[in-house]
Amino acid sequence: MDTQKFIEHWKRTHYCGELRASHIGQQVVLFGWVGNRRDHGGCVFVDLRDREGIAQVVFDPSLAPGPEIPSSPDEIKASYALAEQMRSEWVIAIRGVVVSRGANANPKLPTGEVEIRVVQTEVFNRADTPPFEIVDDLDTREEVRLQYRYLDLRRAPMQKTLRLRHKINQVARNYLTGIGCYELETPFMVKYTPGGARNFLVPSRHNAGKFYALAESPQLFKQLFMVAGFDRYFQIVKCFRDEDFRLDRQPEFTQVDIEMSFVNQDDLFTAVEGLLVRVFRESLGIDLEQSYPGGRFPRMKYDESMRLYGNDKPDLRFGMQHVDLTDLVIEHKGGGVPFLADIAKRYEDGTLRRDLPPEIVKGMIIPADAGMSRTEADKLEVVAKSMGAKGLARAKVAADGAWTQSPLAKTVTPEMRLAINKALGAKDGDLILFQFGKAAMVHTVLANLRVLIAKKLGLIPEYGHGGKFQFLWVVEPPMFDYDEETKRWAAAHHAFTRPHDDSVPFIESDPGKVLCYRYDLVLNGFEIGGGSIRLHDPEVQKKVFRTLGIEQEEARQKFGFLLDALRFGAPPHGGIAIGWDRVAMLLSGAESLRDVIPFPKTQKGTDQMTEAPNEVSAEQLADLHIQTVVAKE
RNA sequence: GGGCACGUAGCACAAUAGGAUAGUGCACUGGAUUGUCGAUCCAGGUUAUGCGAGUUCGAUUCUCGUCGUGCCCGCCA
């Protein structure tokens, strides 16, 4: 076996994927990986692949190039001998002449009109057989792909995705620089602040028993940039959160983080809309201004989003809105349905109140033409139960408005039945789904069912955008959430969000009424961005802390540096963080965040390739002044 | 913390209702082959039922545990 060769005199003239008919007659030097190889005895075809694409190279000693191409018969013969041995994923260099393929052109390849007749060959690496084929439509477990991620990334779709990421980063940098933002860096190793996402901790060798936290976002620091007078900032930055993972959540992920001074919510929206219009135009060639005149995205109030879709990130590519039936049920005193009567009664006697986290009744229709079978509908109940529902009551609507296939049908009063049909707009053959109980549960269940059913019915694809991009700003959420467990009000976003001016009087008297300048940007049912206008008024800030039950002393301890900064001349400011991996995922139509992150982690946070996280030696732990309590095997 | 699903050769999948020597395609190996491009033809099974226990005459199949992976709920200000 030869030793591995290094590059000496070889200089690449072109990428494989860029050769066209215009190159015919030229001498070229290509580097690349051996893809498909077709051996015909007297001649060998090799698909040579690099990041730009594939070119067919021909090893055929019987075809000498013209006198204008320097070559030797010995080199040509040696090349053919090497080609006989070549295998997939060998790394080679070839020198040759570009010739027309004439009638043999391959219309499937961009380079299909030409091929390269080889006159000289070098083998840099005789690769082992890879564990899976390097092909576009790979059908291999993700586990294996992640274990050999460098091979997975060699595949054209992954190359394309990462090129897209490069592109959108470049566009973001250009655009944000263009609107006056500085790209400034913030520390990853920061002080732990309670609340919010769990932090990864980093032990400090120099400070026994103390820890840094990995920043869950640059939030506090970007506000300090505003206080410092930089006016506008952005950063393409990694964030770290030690929470449980999902299809669209990784322990470390990338945000485009933006903060601007002297702006209101509209100014921020304009900036972000402009960014996304540019990103879509320059990466996918899609003109968002066609569907969004002036490049402005629609807005929906948080309350309306919850009412119609059950969450704050509705997928607007399809309908199937929810309908709140609570008032109707109360009015009919439960309409003969025992469990509904129970709720109605408790509203009447005051056990339940609309101004508290309520119990509600909601309905949703699966249209008749969806053709959902009874068996399929039964399966939905299993799904609903897995999300905390006690069941999934349903009723099929007949032509005369009667209900069938339903335990409710026997007892429901005709009056309420018709009222519900009317409220839902139910027609012959429609299937009504009901959900009742704690509002949070009802919303979770119906919101998830809505998306699940839409996928099942083909209203939206299982994965990907299906050519549709539906943006939405969700605005005016409540400032505080009531935590039933601790019986306390908690900041729904964070304690430094600006309340609406007309909400300020309620901060202490009726916190549930307070709305704020928080906003989420939603694309196809994914939250791709979120931010707020910040609260830079120390007096209002004090009220907020009082409602949260945080004493001044405690606030000082937790956020002292920020509170100080806000007193030393803080401009009005606000910002947003855009989940850049999610944007890349939605742009590329990928099935998960892992497909747009070069080296992602599994759902348990492990790296299949490097086997991180791993155990470390007792010496290392001692150096860091820490002990583990996990039993050693 | 909880629910559901999956794990058979390098990869993807199969194996009647618990039954025979665990099969097929691709990949791979050797040979043939001068216009292929998912090349073709001939030949070859190459450390395969994740791991452990149980039930059984007999387990890829059933049960329990465990490990790994995925999806979801909680969580993610």
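None of the values given here were measured: they were computed from a predicted structure. (Residues numbered from 1 in each chain as written. Chains lettered and ligands numbered in written order. Predicted model: local features only at pLDDT ≥ 70, side-chain atom pairs only at ≥ 80, totals over all residues. Heavy atoms only, no water.)

Engineer: Quick rundown of the overall build of chain A? Include the residues and the values.
Structural biologist: In terms of regular secondary structure, chain A is built from 18 helices and 23 strands. Each principal axis of the C-alpha distribution contributes one length, and for chain A these read about 100 × 70 × 60 Å. The long-range fraction of contacts in chain A, counting pairs at least 24 apart against all pairs at least 6 apart in sequence, stands at 68%. Accessible surface, chain A as shown: approximately 31700 Å² in total, 51% of it carbon and sulfur. Of the side-chain charges in chain A, 81 are positive and 88 negative, and the distance between the mean point of each set is 1 Å. (Helix = DSSP H or I, 4+ residues; strand = E, 2+ residues; numbered from the N terminus. Contact = heavy atoms within 4.5 Å. Areas by Shrake-Rupley, 256 points an atom, 1.4 Å probe, with all protein chains shown as cover. Lys, Arg positive; Asp, Glu negative; His and termini not counted. Charge placed at Lys NZ, Arg CZ, Asp CG, Glu CD.)

Engineer: Which residues make up the packing of helix α4 (residues 156-178) against helix α6 (residues 265-284), and what values go with them?
Structural biologist: At a minimum axis distance of 9 Å, the contact between α4 and α6 shows a crossing angle of 140°. What the angle tells us is that α4 and α6 run oblique. Crossing of α4 over α6 shows right-handed handedness. Across the interface between the two elements, Leu164, Lys167, Ile168, Val171, Ala172, Asn174 and Tyr175 from α4 touch Thr270, Ala271, Gly274, Leu275, Arg278, Val279, Glu282, Ser283 and Leu284 from α6. Its residues placed into classes, the contact of α4 with α6 shows 9 nonpolar, 4 polar and 3 charged. (Axes fitted to C-alpha atoms, helices over the stretch in contact; angles between N-to-C directions. Parallel < 35°, antiparallel > 145°, perpendicular 65-115°, else oblique. Left-handed = near helix turned anticlockwise from the far one by under 90°. Nonpolar A, V, L, I, M, F, W, Y, C, P; charged D, E, K, R; others polar.)

Engineer: I'd love a proper account of the protein's contact with RNA strand B, names of residues and values included.
Structural biologist: With respect to spatial proximity, 49 residues lie near RNA strand B, and among them Asn36, Arg101, Pro131, Ala492 and His493 are the closest. Taking all atoms of RNA strand B within 4 Å of the protein, the share assigned to sugar and phosphate is 59%. Within the backbone of Asp39, a nitrogen or oxygen atom sits 2.4 Å from a base nitrogen of RNA strand B. At 2.9 Å, a side-chain N or O of Gln608 approaches a phosphate oxygen of RNA strand B. Broken down by secondary-structure element, the contributors of at least two residues to the surface near RNA strand B are β1 (27-39), α2 (142-147) and α13 (439-456). Split into classes, the residues belonging to the surface near RNA strand B amount to 10 nonpolar, 21 polar and 18 charged. (Near = heavy atom within 4 Å. Polar contact = N/O pair within 3.5 Å; in protein donor to acceptor, adjacent residues only side chain to side chain.)

Engineer: Give a description of helix α5 (residues 219-227) that names residues and reports values.
Structural biologist: An α-helix turns once every 3.6 residues. As a result, residues three or four positions apart point the same way. Extensive coverage of α5 is indicated by the burial of 7 of its 9 residues. Among the residues of α5, those classed as buried are Gln219, Leu220, Lys222, Gln223, Phe225, Met226 and Val227. Looking at the buried side of α5, the elements it contacts are β10 (232-240), β11 (252-261), α16 (552-567) and β23 (573-579). Trailing α5 by a residue or two, Gly229 shows a phi angle of about 95°, which is positive. (Buried < 20%, exposed > 50% of the residue type's maximum accessible area, 1.4 Å probe, protein only.)

Engineer: Please provide a residue-by-residue account of the domain arrangement of chain A, values included.
Structural biologist: We note that the domain assignment places domain 1 (3-125), domain 2 (143-298 + 574-633) and domain 3 (318-456) within chain A. For domain 2 versus domain 3, the separation of C-alpha centres amounts to 40 Å. (Domains from an automatic or database assignment.)

Engineer: Run through the environment of Ala402, naming residues and quoting values.
Structural biologist: Looking at the secondary structure, you find Ala402 in the loop between β15 (394-397) and β16 (403-404). Ala402 gets classed as partly exposed once you look at its relative accessible area, which sits at 22%. If sequence neighbours within four positions are ignored, Ala402 has contacts with Lys396, Val397 and Arg417.

Engineer: Any chance you could break down the sheet that holds strand β5 (residues 114-125) for me, citing the residues and the numbers?
Structural biologist: Strand order in the closed barrel formed by 5 strands is β1-β2-β3-β5-β4, with mixed pairing between adjacent strands. Between one strand axis and the next, the sheet turns through 55° on average, direction left out of account. Sheet topology places β1 next to strand β4 (residues 91-100); 7 bridges connect them, and they run antiparallel. Within β4, the position partnered with Val29 by the bridge is Arg95. Sheet contacts for helix α1 (residues 73-85): β1, β2 (44-50), β3 (53-59) and β5; angle to β5, the most-contacted strand, approximately 75°. (Pairing = 2+ DSSP bridges.)

Engineer: Tell me about the pattern of salt bridges, residues and numbers included.
Structural biologist: Counted under the stated rule, the structure contains 38 salt bridges. Residues joined by salt bridges that share partners form a network here, namely Arg145, Arg149, Asp152, Arg155 and Asp595. (Salt bridge = Lys/Arg side-chain N within 4 Å of Asp/Glu carboxyl O.)

Engineer: Report on unusual backbone geometry, specifying residues and quantitative values.
Structural biologist: With an omega of -5°, the peptide bond between Ala612 and Pro613 qualifies as cis. With respect to the helices and strands, the residue Pro613 is situated in the loop between α17 (580-588) and α18 (618-623). Of note, Gln405 is a non-glycine position whose phi angle comes to about 50°, a positive value. Judged by its relative accessible area of 37%, Gln405 is partly exposed.

Engineer: Can you tell me about the sheet that holds β10, naming the residues and giving the values?
Structural biologist: With respect to topology, 8 strands assemble into an open sheet ordered β6-β10-β11-β23-β22-β21-β18-β12, the strand pairing being mixed. Every interior strand has two partners, whereas the edge strands, β6 (182-183) and β12 (299-301), have only one. Here strand β21 (residues 518-523) pairs with strand β22 (residues 526-533) via 6 bridges, running antiparallel. Within β22, the position partnered with Arg518 by the bridge is Ser532.

Engineer: Describe the confidence of the model for chain A, listing the residues and the values that go with them.
Structural biologist: When the pLDDT values of chain A are averaged, the result is 92; 98% of them are 70 or greater. Here the predicted complex carries an ipTM of 0.93, next to a pTM of 0.94. (pLDDT = per-residue confidence, 0-100.)

Engineer: Quick rundown of the pairing of β15? Include the residues and the values.
Structural biologist: Along any regular strand, the residues point their side chains to alternate faces of the sheet. Where β15 meets strand β17 (residues 431-438), 3 bridges bridge the pair, whose relative direction is antiparallel. Across the sheet, residue Ala395 finds its bridge partner in β17, namely Ile432. Bridge count for β15 against β16 is 2 bridges, and the pairing is antiparallel. In the strand pairing of β16, Lys396 is matched with Thr404.

Engineer: Tell me about the packing of aromatic side chains, and name the residues and values.
Structural biologist: One pass over the full model with this rule turns up 18 aromatic pairs. Here the aromatic residues Phe280, Tyr292, Phe297, Phe469 and Phe471 are joined through ring pairs into a cluster of three or more. Across the ring face of Phe318, the terminal group of Arg450 is positioned such that the distance to the ring centre comes to 4.0 Å. Here Lys513 stacks its cationic end above the ring of Phe506, 4.8 Å away from the centre of that ring. (Phe/Tyr/Trp six-rings, centres within 6.5 Å; stacked < 30°, edge-to-face > 60°. Lys NZ or Arg CZ within 6 Å of the ring centre and 35° of its normal.)

Engineer: I'd love a proper account of the packing of helix α15 (residues 538-548) against α16, names of residues and values included.
Structural biologist: Two elements in contact, α15 and α16, have axes whose closest approach is 12 Å; the angle formed by their N-to-C orientations is 160°. Between α15 and α16, the angle is such that the two are roughly antiparallel. The two elements α15 and α16 cross, and the hand of that crossing is right-handed. Across from Pro538, Gln541, Lys542 and Phe545 in α15, the residues of α16 making contact are Gln552, Ala555, Phe559, Leu563, Leu566 and Arg567.

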